[in-house]
Structures are given as structure tokens and as C-alpha cells.
Amino acid sequence: MSAHPFETADHERCPFMPVFGPPAISIERGAGTEVWDTDGKRYLDFLSGLAVTSLGHANPAVADAISRQASTLLHVSNFFANPQATSAAVRINELLLGATGHHGQIFFTNSGAESNECALKLARKWGGRGKHTVVSAFASFHGRTLATLAATGQPAKHEPFAPMPEGFRHVAWGDLDAMRDAVDGSVAAVIIEPIQGEGGVNPAPAGYLQGIRELCDDVGALMIVDEIQTGFARTGAWFGFEHAGVSPDVVTMAKAMGNGMPVGACWARTEVAAVFQPGDHGSTYSGTALATAAVNAVIAEMRRIDAPAMAAERGAMLSRLLEAVPQVSSVRGAGLLLGAALAEGIDAPTVYRSLLDKGLICNAVNASTLRFAPPITVSEDEIREAVGLVADALAEASA
Ligand code: PLP
């Protein structure tokens, strides 16, 4: 295979915009937890393409559903329904009826940001003029479109694109008093992750989500839970908010729901969804037959293997083994969304690069934390192999 354009360090030949920085490797093929780069080197993928391929790479059930659908029907306009989209919407509504106790309705999207964009528009229409403010937490991540970036509580990411759309307020993560001060009658919604993923794998403290639910009820604001990283079994429940026993009004999802097929959704309980009228929102690719065939296969397969229980069980094993590594000071998260905090003085980005050399993919979610989000189907042997590599890399880093 000829050199990848990135490997030439020739900027004029690089076909991509320079938003991601130079990629470390070019991956050609995957199966389950394993991937192979263009040189044939094998890696264990303990990131699942950032919590996307939760059923493993090239999952046979999903691959089969996609290939059958590709030769049946890819797309029809939204003037018409298609059976795959209808059945995927019904299945997600069933999952969320179980998790929230509410009937709801779905809008399909192509990404997490679009799912949140839909939720933000829904909140503005719900609140009406003068009640359009959306509150979110610092260190949150909700997407890269202008509105979802404005909701994202990371001022450094706003700065190059100022001025941001107005109507967004940020408060300290995990601090219910700060949330109470911010949630007044002008607030249409609070948007919150059950575990901040990009912000460092920070689980919501006990009582935080329940407290937000009460504050939203007090002022008639919507509680939007962003399940884009945590949803579809990753944390050991179908949705991360279930651990807190709360019932949100709006739930956004993407990533694992297509196992790599670009697809997302915004769910709202029926009375909330009813504020949208024909023409209020849309997308050419909302609910394509191809994308929703993948969703149907993912949900069926996750039910078949009882993915929430599997994530809880394998997550407990990964967490226990990581905690036993001397240079890991603590492990946080839930199920198979875990952050390993490293002992003082060890630089997580350096360890990430050393692990990549050794054949393990994870990521340095901040300067002192490695994030692990392997496929839920990861085997016990693969967990042992990965933690062995982590132990070697950390021993070298601290030597
Ligand atoms: N919300 C959360 C919690 C995320 O983790 C992400 C992506 O990492 C997004 C939203 C944005 O999703 P996407 O990159 O598919 O637009």
C-alpha cells in the first residue's frame, strides 16, 4: 500500500481540513475488539471509536442488516414512512417508556450534535419568547454546531467563534446550589450528561440529577439528558440516567445506536414533542432506511446478549484490574465508560502514545486521566491483555 497522504507530512497533499491534528495511524480493518492498521499491525480498540462500536467492529448481525438493506432500499423522502424507521422508533420508544415511564416520540438525526440541536430547538419552542435560556454545566460536551457548542461548557472552544448564539448559561458541574441559582423563570431547559465523557469521565454526584429534575419542575423547564456517549447499555443500563432513578423530558442519543452507522435521535415525552408542528424541524436524512436498519439490528443484538448486564459485569472486571495497577490512583465512571486517574507526575498523553505503540487504543481525556470504552462484547482475555499493556506502559512512565 502506498504511503498515506498524512505520512508524507506534505500539507498540500493532505485531503482533510486540519481540525483533528495529524492522525497517529490509519486503520483499515476491524473485527470485534481488534483493529489492524495499514501496515498490518494489530491493536485492541479500548475506545470503540469513541463509544460508538459497542457491539464490536464488523459485528455480523449489524453488517448483515446493513448489507441486506443496502440492496433493498436506502432512502425515501420524509413525505413517506419506511418500515425500518418505524420499527426503530417504536423500539426506542419502548426502551424509553421502560426507563422513564413516559410514552414519547422520536426525531432521527445523523449525529449527536444534531440530536442536541433538535432538543435545543424543542426547548425554545416549549419555553417560548423570554423563556428560552438553556443551562448546562462547565466541562460538558454537547457538540460542534454553533448552538450545541454554545451549550458546551468549555469557554476555550467558544473563543475562536465568538460571538456565540445567545441564551446559554453555564454552571459548575455537580454543584446543585449553582444550578439552583441559574434555573429561574427564564429557563427553558437544563441539558446535562449523566457522566461527563469528553470532560474527563466525571460521574454525576449522588442526588445531582434528582435535584435538577426538581429544579426543572419548579420553573416549568425541560430536563434534557444527553445520552450520546452514555446511552445504549454502555454504563450498565440502557441509559445512564436510569442509575439515578430520574425521568427526563427529553433524551438525546447517537454513537452506539448505529454501531458505526451515522445515526442519532432526539426523544421527547409525547406532550413535549407535541410543541413541534410540521415545518418546525427536519433533515433530508432523518430516519433513512439504511441507518435505521442498523439501529434495529443494534437493539435486537443488544437485547439478545443483554448488553446492559454484560457492560456492568465486564466493566466491573476492567475497573478492578485497573485499580490494581500501582500507578493508577483511582478509577471512575460506570460500566464500560471508565476513566483511570494516574498517579501524580505521570502524563496521560505520553502514556496514550506508548500504549498505541504497544497495540492498545484508549485516549487521554485530560492530562492525568486515560479513558477506556471498549466494546461491550470485549472478552475477559482481552481485558487482561489490555490491562497488562497499561501496567507495562505505566511502569515505564514512572521509571
Ligand atoms: N454529546 C456528547 C455527550 C458527546 O460525547 C458527543 C460526542 O462526543 C456529542 C454530544 C456530539 O456528538 P457528534 O460528534 O456525533 O456530533
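So, here's what we can say about the structure. Quantities reported herein were computed from a predicted structural model and do not represent experimental measurements.

1. Concerning the site of the ligand
Point 1. Close to the ligand lie 13 residues; Gly-112, Ala-113, Asp-226, Gln-229 and Lys-255 are nearest.
Point 2. Gly-112 has a polar backbone atom sitting 2.8 Å from an oxygen atom of the ligand.
Point 3. A total of 390 Å² of accessible area belongs to the ligand in isolation, and the protein chains cover 82% of it.
Point 4. Ranked by residues supplied to the shell around the ligand, first place goes to helix H4 (residues 112-127) with three residues.

2. Some remarks on the pattern of salt bridges
For side chains of opposite charge, pairing can occur when their charged atoms come near one another.
Point 1. The tally for this structure, following the rule as stated, stands at 16 salt bridges.
Point 2. Two residues, Asp-177 and Arg-180, come together in a salt bridge whose shortest N-O distance is 2.7 Å. You can see Asp-177 and its partner Arg-180 sitting in helix H7 (residues 176-182), three residues apart, about one turn around the helix.
Point 3. Taking the relative accessible area as the measure of exposure, Arg-180 reaches 43% and is therefore partly exposed.
Point 4. One salt bridge connects Glu-313 with Arg-314, and the closest N-O pair in it is separated by 3.9 Å.
Point 5. Overall, the relative accessible area of 44% leaves Glu-313 in the partly exposed class.

3. A look at a nonpolar patch on the surface
Point 1. The grouping of Met-17, Val-19 and Phe-20 at the surface amounts to a nonpolar patch, some 450 Å² of accessible area in total.
Point 2. On the accessibility criterion, Val-19 (62% relative accessible area) is exposed.

4. A short note on the environment of Leu-338
Point 1. Residue placement: Leu-338 occurs in strand S14 (residues 337-342).
Point 2. For Leu-338, a relative accessible area of 3% translates into the label buried.
Point 3. For the pair Leu-338 and Arg-68, spaced 270 residues apart in sequence, the C-alpha to C-alpha distance is 35 Å.
Point 4. With near-sequence residues (within four places) excluded, Leu-338 lies in contact with Val-201, Gly-315, Leu-318, Ser-319, Val-331, Arg-332, Gly-333, Leu-370, Arg-371 and Phe-372.

5. Section: the packing of helix H11 (residues 307-323) against helix H13 (residues 380-398)
Point 1. Where H11 contacts H13, the axes come no closer than 10 Å and their chain directions differ by 25 degrees. One finds that H11 runs roughly parallel with respect to H13. H11 and H13 meet at a crossing whose hand is right-handed. Of the residues in H13, those in contact with Glu-313, Arg-314, Met-317, Leu-318, Leu-321 and Leu-322 of H11 are Glu-380, Ile-383, Arg-384, Val-387 and Val-390.
Point 2. Residue composition of the contact of H11 with H13, grouped by class: seven nonpolar, no polar and four charged.

6. Quick word on helix H10 (residues 289-305)
For an α-helix the count is 3.6 residues per turn, leaving residues at separations of three or four pointing the same way.
Point 1. For H10, built from 17 residues, the straight-helix expectation of 24 Å at 1.5 Å per residue is met to within 8% by its first-to-last C-alpha distance of 24 Å.
Point 2. Of all 17 residues in H10, 14 are buried; the element is thus mostly enclosed.
Point 3. A positive backbone phi angle near 50 degrees is found at Asp-306, which sits one or two residues after H10.

7. Concerning the nonpolar core
Point 1. Among the nonpolar cores identified, the biggest contains 86 residues, and Met-179, Ile-192, Phe-232, Phe-239, Met-253 and Phe-372 are the most heavily contacted of them.
Point 2. Residues contacting Phe-239, with those up to four places away along its chain left out, are Leu-95, Leu-96, Ala-99, Glu-227, Gly-231, Phe-232, Val-251 and Met-253.
Point 3. Cys-118, Ala-119, Ile-224 and Ala-268 belong to the second-largest nonpolar core, a separate cluster that totals 23 residues.

8. Some words on the environment of Ala-58
Point 1. Position of Ala-58 relative to the elements: it lies in the loop between helix H1 (48-51) and helix H2 (60-70).
Point 2. Taking the relative accessible area as the measure of exposure, Ala-58 reaches 57% and is therefore exposed.
Point 3. Between the alpha carbons of Ala-58 and Gly-260 there is a distance of 9.2 Å; along the sequence they are 202 residues apart.

9. A look at unusual backbone geometry
Point 1. A cis amide bond links Ala-162 to the next residue, Pro-163, at an omega of 0 degrees.
Point 2. Relative to the assigned elements, Pro-163 resides in the loop between helix H6 (155-158) and strand S6 (168-171).
Point 3. The phi dihedral of Leu-50 falls on the positive side, at around 60 degrees, and the residue is not glycine.
Point 4. Examined against the element boundaries, Leu-50 turns out to sit in helix H1.
Point 5. At Val-201, a position not held by glycine, the phi torsion is positive, near 60 degrees.
Point 6. Relative to the assigned elements, Val-201 resides in the loop between strand S8 (195-196) and strand S9 (202-203).

10. Regarding helix H8 (residues 208-219)
Point 1. With twelve residues, H8 extends 17 Å between its outermost C-alpha atoms, agreeing within 8% with the 16 Å of an ideal straight helix rising 1.5 Å per residue.
Point 2. Buried within H8 are the following residues: Tyr-208, Leu-209, Gly-211, Ile-212, Arg-213, Leu-215 and Cys-216.
Point 3. Tucked inside the fold, the buried residues of H8 contact strand S5 (133-137), H7, strand S7 (187-192) and strand S10 (222-226).
Point 4. Immediately beyond the C-terminal end of H8, within one or two residues, lies Gly-220, with a positive phi of roughly 70 degrees.

11. Here we look at the packing of helix H3 (residues 83-100) against H10
Point 1. Look at H3 against H10: their axes get within 8 Å of each other, and the N-to-C directions meet at 40 degrees. Overall, the two elements H3 and H10 adopt an arrangement that is oblique. Judged by the twist between their axes, the crossing of H3 over H10 is left-handed. When H3 is examined against H10, the residues Gln-84, Ala-85, Ser-87, Ala-88, Arg-91, Ile-92, Glu-94 and Leu-95 are found in contact with a partner set consisting of Ala-289, Thr-292, Ala-293, Val-295, Asn-296, Ile-299, Ala-300 and Arg-303.
Point 2. Considering only residue class, the contact of H3 with H10 consists of nine nonpolar, four polar and three charged.

Rules and cut-offs
Residues numbered from 1 in each chain as written. Predicted model: local features only at pLDDT ≥ 70, side-chain atom pairs only at ≥ 80, totals over all residues. Heavy atoms only, no water. Near = heavy atom within 4 Å. Polar contact = N/O pair within 3.5 Å; in protein donor to acceptor, adjacent residues only side chain to side chain. Areas by Shrake-Rupley, 256 points an atom, 1.4 Å probe, with all protein chains shown as cover. Helix = DSSP H or I, 4+ residues; strand = E, 2+ residues; numbered from the N terminus. Salt bridge = Lys/Arg side-chain N within 4 Å of Asp/Glu carboxyl O. Buried < 20%, exposed > 50% of the residue type's maximum accessible area, 1.4 Å probe, protein only. Patch = residues over 30% accessible without salt bridge, like charges linked within 9 Å, V, L, I, M, F, W, Y side chains within 5 Å. Contact = heavy atoms within 4.5 Å. Axes fitted to C-alpha atoms, helices over the stretch in contact; angles between N-to-C directions. Parallel < 35°, antiparallel > 145°, perpendicular 65-115°, else oblique. Left-handed = near helix turned anticlockwise from the far one by under 90°. Nonpolar A, V, L, I, M, F, W, Y, C, P; charged D, E, K, R; others polar. Expected span 1.5 Å × (residues − 1). Core = buried A, V, L, I, M, F, W, Y, C linked by side-chain atoms within 4.5 Å.

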